[in-house]
Amino acid sequence: MYKLETLLLIAVAGLAAQLVDGGLGMGFGVTSTTILIALASLSPAAASAVVHTAELGTTLASGVAHTRFGNVDWRTAFAIGVPGAIGAFLGSTLLVRLSTEAARPVMSLILAVIGLNLMLRFARGLTQRKLSAKPHSRGFLAGLGLFGGFVDATGGGGWGPVTTSTLMSAGRAEPRRIVGTVNTAEFLVTLAATLGFAIGMWQDLVANLAAVLALLAGGVIAAPIAAWVVTRMNPIALGGVVGTLILFLNLPVVLKFLGVTEGLMFVRIAVLVLGAALSVRGVLKARENSRSAGEREGATVVDPEPARLR
């Protein structure tokens, strides 16, 4: 039975995660999972199960919306989504079978890597190369989907940072098509992960239903706020802050598991300093890209304040 203050913390996690996701188009899973473990003291498996169950509704609605706006490449969506679902089911099944002591450092390692990836990604200013007409091979998409789905389930999130970042950097489709396609495919990934958790820990999932509803409530409240915030805040700076926070919270857990118990305060300070430096670099780089965009014909550069990335 959840205490009222715990449910409020989970609702705040959903609100914060949706603010991040609304500003960046990615990060709901990794942000909410990190907060659930750090503040609400949920086990890694319970946190990931709560997040994925809550995401069933959000990913379905997102996929429908992107379909209506013509943002979905169905060939790519199924090519990446079906293997992603397989990876997510395997990841959730593995996470359920790990003890809490073993699962915590594994999930923290995955989240720390995702956080570092976000920091480095946004430090580049979100440049986008000129589009290539050559489509991705089915083997490449299947491998990317399988890996992204596995990371998403075991890390409590990560589908967007893994798959969207890779497809964006390849430059073979419009950003809106990549976002819409990955968003739509994510429903299959979320459904498979939730199924794996339901099979392995049905009683725990039922017991955490209040947490699912609290996370959803926070997300619903934050949705319109996020739409307003994205017009006011630089998403590159927000992305750097989110990546720094995720690394800040999870790296010490990994180091403790490896036997490093001294100097963790200096590690946290170093992460904050590095995150601040990379965020500033990303904002300056984006401005430089924006200025040079008007000087080069045929180049495709992402606006330094894009509406969505996932």
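Looking at an unreviewed UniProt entry, one finds the protein named Probable membrane transporter protein and attributed to Corynebacterium ureicelerivorans. Turning to the protein, the UniProt record has this under Sequence similarities (unreviewed entry): "Belongs to the 4-toluene sulfonate uptake permease (TSUP) (TC 2.A.102) family."

Caption draft 1: Structural detail: the overall build of the protein. Helix and strand counts for the protein stand at eleven helices and zero strands. Taken from N to C terminus, the helices and strands of the protein fall in the order α-α-α-α-α-α-α-α-α-α-α. For the protein, the residues scored as buried account for 51% of the 310 residues in total. The contacts in the protein between residues at least 6 apart in sequence include a share of 84% that link residues at least 24 apart.

Caption draft 2: Quick look at the UniProt feature "transmembrane region" (unreviewed entry) in the protein. Feature annotation in UniProt places "transmembrane region" (unreviewed entry) on residues 72–96, 102–120, 178–199, 205–229, 236–259 and 265–284, given in this structure's numbering. Counting secondary structure, residues 72–96 comes out at 92% helix and 0% strand; the distance between its end C-alpha atoms is 33 Å. For residues 178–199, the end-to-end C-alpha separation is 32 Å, with 100% helix and 0% strand making up the annotated structure.

Caption draft 3: Seen up close, the nonpolar core. Counting 61 residues, the largest nonpolar core has Ile10, Leu36, Leu42, Val50, Leu118, Leu167 and Leu215 as its most contacted members. For this core, the element with the most residues is helix H8 (residues 175–207), which contributes eleven residues. If sequence neighbours within four positions are ignored, Leu36 has contacts with Ile10, Ala13, Ser41, Leu42, Ala47, Val50 and Val51. Within the second largest apolar cluster, six residues are counted, among which are Ala112, Leu247, Val271 and Leu278.

Caption draft 4: Summary view of helix H7 (residues 159–170). Helix length check: H7 (twelve residues) gives 17 Å between terminal C-alpha atoms against 16 Å at 1.5 Å per residue, within 8%. The element H7 is extensively covered by neighbouring structure, given that ten of its twelve residues are classed as buried. Turning to H7, its buried residues are Trp159, Gly160, Pro161, Val162, Thr163, Thr164, Ser165, Leu167, Met168 and Ala170. On the buried face of H7, the contacting elements are helix H4 (74–97), helix H5 (100–123), helix H6 (138–155) and H8.

Caption draft 5: Representation of helix H3 (residues 44–68) in the model. When the terminal C-alpha atoms of H3 are compared, their 35 Å separation across 25 residues agrees well with the 36 Å that a helix rising 1.5 Å per residue should span. Of all the bends in H3, the greatest, near 40 degrees, is centred on Glu55. Among the residues trailing H3, Gly70 stands out with phi positive, at a value near 70 degrees.

Caption draft 6: Highlighting the packing of H7 against H8. H8 packs onto H7 with a crossing angle of 145 degrees between their chain directions and a minimal axis gap of 10 Å. Classified by chirality, the crossing of H8 by H7 is right-handed. Of the residues in H8, those in contact with Trp159, Thr163, Thr164, Leu167 and Met168 of H7 are Pro175, Ile178, Val179, Val182, Ala185, Glu186 and Val189. Of the residues that constitute the contact of H7 with H8, the class distribution is nine nonpolar, two polar and one charged.

Caption draft 7: Summary view of the packing of helix H2 (residues 28–39) against helix H10 (residues 235–257). The geometry of H2 relative to H10 is characterised by a closest axis approach of 10 Å and an angle of 35 degrees between their N-to-C directions. Considering the relative orientation of H2 and H10, their crossing is left-handed. Residues Val30, Thr31, Thr34 and Ala38 of H2 lie in contact with H10, whose contacting residues are Val242, Ile246, Leu249 and Asn250. Here the contact of H2 with H10 is built from residues that sort into five nonpolar, three polar and no charged.

Caption draft 8: Representation of the pattern of salt bridges in the model. According to the stated counting rule, one finds one salt bridge in the structure shown. Salt-bridge contacts for Lys285 lead to Glu288; the nearest nitrogen and oxygen are separated by 3.9 Å. Taken together, the positions of Lys285 and Glu288, both in helix H11 (residues 264–293) and three residues apart, correspond to about one turn of that helix.

Caption draft 9: The arrangement of the side chain of Thr190 in detail. Tracing the backbone shows Thr190 in helix H8. Given a relative accessible area of 0%, Thr190 falls into the buried group. Filtering out sequence-adjacent residues up to four positions away, Thr190 remains in contact with His52, Glu55, Leu56 and Thr59.

Caption draft 10: Here's a closer look at the environment of Ala173. Among the structural elements, Ala173 can be located in the loop between H7 and H8. Along the backbone, Ala173 and Lys134 are 39 residues apart, and their C-alpha atoms lie at a distance of 9.3 Å.

Caption draft 11: Examining the confidence of the model for the protein more closely. For the protein, mean pLDDT is 83; residues scoring 70 or higher make up 87% of the total. For the protein, helix H9 (residues 209–229) is the element with the lowest average pLDDT, namely 79, and H4 is the one with the highest, namely 95. Here residues 304–310 is a poorly scored stretch, pLDDT under 50, and it has 33 contacts once near neighbours within four places are set aside; other chains count.

Definitions and limits used
Residues numbered from 1 in each chain as written. Predicted model: local features only at pLDDT ≥ 70, side-chain atom pairs only at ≥ 80, totals over all residues. Heavy atoms only, no water. UniProt positions renumbered as here; feature names shortened; annotations may be inferred. Helix = DSSP H or I, 4+ residues; strand = E, 2+ residues; numbered from the N terminus. Buried < 20%, exposed > 50% of the residue type's maximum accessible area, 1.4 Å probe, protein only. Contact = heavy atoms within 4.5 Å. Core = buried A, V, L, I, M, F, W, Y, C linked by side-chain atoms within 4.5 Å. Expected span 1.5 Å × (residues − 1). Bend = angle between axes of the 7 residues up to and from the residue. Axes fitted to C-alpha atoms, helices over the stretch in contact; angles between N-to-C directions. Left-handed = near helix turned anticlockwise from the far one by under 90°. Nonpolar A, V, L, I, M, F, W, Y, C, P; charged D, E, K, R; others polar. Salt bridge = Lys/Arg side-chain N within 4 Å of Asp/Glu carboxyl O. pLDDT = per-residue confidence, 0-100.

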